[in-house]
Amino acid sequence: MKANCWYGKRDVRVEEVPDPKIINRGDAVVKITTTAICGSDLHLYNKLVPTMEKGDILGHEFMGEIVEVGSEVRKLRQGDRVVVAFPISCGKCFFCARELFSLCDNSNPNAWMAQKLYGQSPAGLYGYTHMLGGFAGGQAEYARVPFADVGTIKIPNGLTDEQVLFLSDIFPTGYMAAENCNIQPGNTVAVWGCGPVGQFAIRSAFLLGAERVFAIDRFPERLRMAKEGQAETINYENVGVYDTLMEKTGGLGPDSCIDAVGLEAHVPGAIGAYDRVKQAMMLESDRPHVFRQALFACRKGGTVSVAGVYGGYDDKIPLGALMNKALTLKSGQTHVQHYMQPLLAKIQNREIDPSFVITHRLPLGDAPEAYETFFNKVDGCIKVVLKPHQTYQ
Ligand SMILES: NC(=O)c1ccc[n+]([C@@H]2O[C@H](COP(=O)([O-])OP(=O)(O)OC[C@H]3O[C@@H](n4cnc5c(N)ncnc54)[C@H](O)[C@@H]3O)[C@@H](O)[C@H]2O)c1
Ligand SMILES: [Zn+2]
Ligand SMILES: [Zn+2]
């Protein structure tokens, strides 16, 4: 089959690789009809996360048709149309029993690597680092889905791939980021980053009852999409983020702040140079600029919710603000399986149509160009979907 493989910094290639096979009795094999590129893939593309190996198959947002099931798969059969959750989760361990699926204790065969960095290991993920299992991803014609009964949701007829694909990641991610804010009627929410995750965080904050949402970015098309979602936009290249947020909230600060940017924050000015140099010299894992701003701007007693991915050990975090302002900090890779059914219901009820975020549709063979366009944020690119079985016209 064909798959999009990682080869190094800004180097991905679509290649012929062996077809996936059933390995364990709970596995299924999916023929992928639609897949996507995520902001998290850019961290790999930019070689900012360790333990990738040449030839690794990328991609963790995918859906398709079941073509084969292992002998212990109960819920699925050949021909079922499914969306696959990006964390791989056993459904039975201490964490899965509590629906903390991204923390599954049974899905990362390389848990020892993550333990060294984090103390304990999170779940294995598709198309990510070897530290998180080294599982083949879904930017491919087929994928093996371990624990298939737990990691998939069946899609009823009448919904297009584009309406449901993002149940695999970014819709639940934006939703969990907003849910973690514990939004009360009348609350204000600030969202840093108007990429796909930020867009779903904005819409989810309103679905959960926020009165006002402030959306922060610098790309006009991303700010425009946020505005279409009823957010009040702030271009951080034109105005000071802290001052604007204080002004808009009568001097209180937003009740909750969502970091939908993560480790690749664009940082203007001198503090930016500090993070860029330290990150380049591997003295700091991430550029935690947005996290710092969120802790600083958040209302006393409010919540800072981190959906953006961070990798390691970072400097100059204002812990004083966290402690003295009695802030609550929430985070995590998304517990996708917990959200798939209720969010599918919202799509069916027409509360939201997640396809609004798609700007680019391409065959899988164009993945290298698609990564470049998405990374450089050119051509109005906000979200790319790839069609593995579509051939060139
Ligand atoms: N927690 C999870 O499970 C999970 C799941 C999916 C994605 N993510 C993470 O969420 C983050 C966003 O993903 P995405 O797909 O939307 O990526 P993206 O790269 O498309 O979007 C990031 C956005 O942040 C903006 N940005 C950069 N610096 C900023 C700053 N200083 N202030 C305000 N905005 C700034 C960029 O302009 C861009 O629009 C990534 O870190 C990704 O890894 C986490
Ligand atoms: Zn993702
Ligand atoms: Zn588990």
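The structure under discussion appears in the preceding block.
Source: prediction; values computed, not measured.

**What about the overall build of the chain?**
Consideration 1: When its secondary structure is counted, the chain shows 14 helices and 18 strands.
Consideration 2: In terms of C-alpha radius of gyration, the chain reaches 20 Å, essentially the compact-globule figure of 21 Å for 393 residues.
Consideration 3: Taken across its 393 residues, the chain has 57% of its residues classed as buried.
Consideration 4: Looking at the chain alone, contacts between residues at least 24 apart form 71% of all its contacts between residues at least 6 apart.
Consideration 5: When the accessible surface of the chain is summed, it comes to about 16,600 Å², and 51% of that surface belongs to carbon and sulfur atoms.
Consideration 6: Charge centroids of the chain, computed over 40 positive and 43 negative side chains, lie 3 Å from each other.

**Regarding the site of ligand 1**
Consideration 1: Ligand 1 sits among 33 residues. The nearest are Ser-40, His-43, Asp-217, Val-261 and His-266.
Consideration 2: One of the backbone N or O atoms of Ala-307 is found 2.9 Å from a nitrogen atom in ligand 1.
Consideration 3: Between a nitrogen atom of ligand 1 and a main-chain N or O atom of Gly-332, the distance comes to 3.1 Å.
Consideration 4: In the complex, the protein chains occlude 96% of the 860 Å² of accessible area that ligand 1 would expose alone.
Consideration 5: Of all the secondary structure elements, the ones that give two or more residues to the shell around ligand 1 are helix H1 (39-45), helix H7 (196-207), strand S12 (212-217) and helix H11 (289-297).
Consideration 6: Counting residues per element, the shell around ligand 1 draws most heavily on H1, at four residues.
Consideration 7: A per-class count over the shell around ligand 1 returns 16 nonpolar, 13 polar and four charged.

**Things to note about the coordination of the zinc ion (ligand 3)**
In a perfect tetrahedron of four donors around a metal, the angles come out at 109.5 degrees. In a perfect octahedron of six, they are 90 or 180 degrees.
Consideration 1: Protein-derived coordination of the zinc ion (ligand 3) comes from Cys-90 (SG), Cys-93 (SG), Cys-96 (SG) and Cys-104 (SG), at a distance range of 2.3 to 2.4 Å.
Consideration 2: Here the zinc ion (ligand 3) is ringed by four donor atoms whose angles at the metal span 104 to 116 degrees, and the overall shape comes out tetrahedral.
Consideration 3: We note that the donor set of the zinc ion (ligand 3) lies within a single chain, spaced as C-x2-C-x2-C-x7-C. The pair formed by Cys-96 and Cys-104 is uniform in burial state, with each residue classed as buried.

**Observations regarding the coordination of the zinc ion (ligand 2)**
Consideration 1: The protein atoms that coordinate the zinc ion (ligand 2) are Cys-38 (SG), His-60 (NE2) and Asp-169 (OD), at distances of 1.8 to 2.2 Å.
Consideration 2: Sequence positions of the donors to the zinc ion (ligand 2) reduce to the motif C-x21-H-x108-D. A residue pair is termed long-range when its members are at least 10 positions apart, and His-60 in the loop between strand S4 (56-57) and strand S5 (62-69) and Asp-169 in the loop between helix H5 (161-164) and helix H6 (170-179) qualify at 109 residues. The pair formed by His-60 and Asp-169 is uniform in burial state, with each residue classed as buried.

**Section: the sheet that holds S12**
Consideration 1: Taken in spatial order, the six strands of this open sheet run S13-S12-S11-S14-S15-S16, and their pairing is parallel. Only two strands of the sheet have a single neighbouring strand rather than two, namely strand S13 (232-235) and strand S16 (328-331). Averaged over all pairs of adjacent strands, the angle between their axes in this sheet comes to 20 degrees, without regard to strand direction.
Consideration 2: Across four bridges, strand S14 (residues 256-259) lies against strand S15 (residues 303-306) in parallel orientation. Residue pairing for S15: Asp-259 is matched across the bridge by Val-306.
Consideration 3: Against the sheet, helix H9 (residues 241-248) engages strand S11 (188-192), S12 and S13, with an angle of about 170 degrees to S12.

**A word on the sheet that holds strand S1 (residues 2-8)**
Consideration 1: Strand order in the open sheet formed by three strands is S2-S1-S4, with antiparallel pairing between adjacent strands. Strand pairing shows two members of the sheet lacking a second neighbour, strand S2 (11-16) and S4, which therefore form its edges.
Consideration 2: Sheet topology note: the S1/S2 ladder contains six bridges and is antiparallel. Paired with Trp-6 across the strands is Val-12, a residue of S2.
Consideration 3: Sitting on the sheet, helix H14 (residues 367-376) touches S1 and S2, and the angle it makes with S2 is about 160 degrees.

Parameters at a glance
Residues numbered from 1 in each chain as written. Chains lettered and ligands numbered in written order. Predicted model: local features only at pLDDT ≥ 70, side-chain atom pairs only at ≥ 80, totals over all residues. Heavy atoms only, no water. Helix = DSSP H or I, 4+ residues; strand = E, 2+ residues; numbered from the N terminus. Rg over C-alpha atoms; globule rule 2.2 N^0.38 Å. Buried < 20%, exposed > 50% of the residue type's maximum accessible area, 1.4 Å probe, protein only. Contact = heavy atoms within 4.5 Å. Areas by Shrake-Rupley, 256 points an atom, 1.4 Å probe, with all protein chains shown as cover. Lys, Arg positive; Asp, Glu negative; His and termini not counted. Charge placed at Lys NZ, Arg CZ, Asp CG, Glu CD. Near = heavy atom within 4 Å. Polar contact = N/O pair within 3.5 Å; in protein donor to acceptor, adjacent residues only side chain to side chain. Nonpolar A, V, L, I, M, F, W, Y, C, P; charged D, E, K, R; others polar. Donors = N, O, S within 2.8 Å, 3.2 Å for Na, K, Ca; no water. Tetrahedral: all angles 85-135°; square planar, octahedral: opposite > 155°, others 65-115°. Pairing = 2+ DSSP bridges. Axes fitted to C-alpha atoms, helices over the stretch in contact; angles between N-to-C directions.

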